[in-house]
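Fold and geometry: a report
Take a look at the letters that make up each chain.
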Amino acid sequence: MSDIVVKRLTKEDALAAAQIEEKIFPHGFKSDDFLRQTDDGSLVLAAKKGDTLVGYISISIVLDEASVNTIAVREDFRRQGTASKLLESAIDELESCCAFLTLEVRRQNVAAISLYERFGFRKVGERRGYYSDPDDDALLMTRFF
């Protein structure tokens, strides 16, 4: 995966991010949402192979608290370390300015939970019935810096 580069998401990447989001999340972000985040102080990183967007992570930051809004990788680039690169890059940027990074993940998404645990996230709570389409509970996970 050395050919995958992580950098700030650009306005030109917003449409491609929204297309990935639409395929993965039934009620996900639209291109306008990504554009707004690139301007509002959020950390939005893109994983690219050449000129092709293959994944992204969006993180809201309020004072010293950071929260993952969305993270996604194109299906044909999964299980190749892309999500790990995105998380590692985000953590590198956040650890000097934030006390923690938190997220919600579907209880049944065992692969994502395992990834987050490898990066030091721990379960701190849950939200019953948080997700729909399909219905699932959310685990709240946090990584303290």
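Above this text is the structure in question.
Residues numbered from 1 in each chain as written. Predicted model: local features only at pLDDT ≥ 70, side-chain atom pairs only at ≥ 80, totals over all residues. Heavy atoms only, no water.

A few words on the layout of surface pockets. One number sums up the size of the largest pocket: a volume of about 1200 Å³. Ile24, Phe25, Ile71, Asn109 and Ala112 are the residues nearest the centre of the largest pocket, which is lined by 39 residues in total. Of all the elements in the fold, those that place two or more residues in the lining of the largest pocket are helix 1 (14–24), strand 4 (65–73), helix 3 (82–94), strand 5 (100–106), helix 4 (110–118) and strand 6 (122–131). Here the element with the most residues in the lining of the largest pocket is helix 4; it accounts for seven residues. Residues of the lining of the largest pocket, tallied by class, amount to 20 nonpolar, twelve polar and seven charged. Taken as a whole, the second largest pocket holds about 200 Å³ of empty space. Lining the second largest pocket are Ala16, Gln19, Ile20, Lys23, Ile24, Thr52, Leu53, Arg74, Glu75, Asp76 and Arg78. Mapped onto the lining of the second largest pocket, the elements with two or more residues apiece are helix 1 and strand 3 (52–62). Sort the elements by how many residues they give to the lining of the second largest pocket and helix 1 lands first, with five residues. (1 Å grid on protein atoms, 1.4 Å probe; cavity = no way out; pocket = protein on both sides within 12 Å on 5 of 7 lines; lining within 4 Å. Points joined across faces, edges and corners; volume = space filled by probe spheres on them. Helix = DSSP H or I, 4+ residues; strand = E, 2+ residues; numbered from the N terminus. Nonpolar A, V, L, I, M, F, W, Y, C, P; charged D, E, K, R; others polar.)

Attention shifts here to the pattern of salt bridges. Taken as a whole and assessed by the stated rule, the structure comprises ten salt bridges. Residues Asp76 and Arg74 are paired through a salt bridge, measuring 2.6 Å at the closest nitrogen-oxygen approach. The class for Asp76 is partly exposed, based on a relative accessible area of 46%. Between Arg128 and Asp137 there is a salt bridge, with the nearest N and O atoms lying 3.6 Å from each other. A network of salt bridges, in which partner residues are shared, links Arg107, Lys123, Glu126, Arg128 and Asp137. (Salt bridge = Lys/Arg side-chain N within 4 Å of Asp/Glu carboxyl O. Buried < 20%, exposed > 50% of the residue type's maximum accessible area, 1.4 Å probe, protein only.)

This part takes up the sheet that holds strand 4. Ordered in space as 1-2-3-4-5-7-6, the seven strands form an open sheet in which the pairing is mixed. Taken across any chain shown, the strands that pair with only one partner, and hence form the sheet edges, are strand 1 (4–8) and strand 6. Taken pair by pair, the neighbouring strands of this sheet meet at an average axis angle of 25°, ignoring direction. Here strand 3 runs beside strand 4; their pairing, made up of eight bridges, is antiparallel. Along strand 4, the bridge assignment pairs Tyr56 with Ala72. The strands touched by helix 1 within the sheet are strand 3 and strand 4, with strand 3 carrying the most contacts at an inclination of about 90°. Contacting strand 1, strand 2 (43–49), strand 3, strand 4, strand 5 and strand 7 (136–144), helix 3 crosses the sheet at an angle of about 145° to strand 2. (Pairing = 2+ DSSP bridges. Axes fitted to C-alpha atoms, helices over the stretch in contact; angles between N-to-C directions. Contact = heavy atoms within 4.5 Å.)

Turning to the packing of aromatic side chains, a few remarks are in order. A full pass over the atoms with the stated rule returns three aromatic pairs. Aromatic pair Phe100 and Phe144: ring centres 5.9 Å apart, planes at 55°, arrangement tilted. Here the residue Phe100 occupies a position in strand 5, and Phe144 occupies one in strand 7, the gap between them amounting to 44 residues. The class of Phe144 is exposed, set by a relative accessible area of 58%. An angle of 90° between the planes, with centres 4.9 Å apart, marks the rings of Tyr130 and Tyr131 as edge-to-face. (Phe/Tyr/Trp six-rings, centres within 6.5 Å; stacked < 30°, edge-to-face > 60°.)

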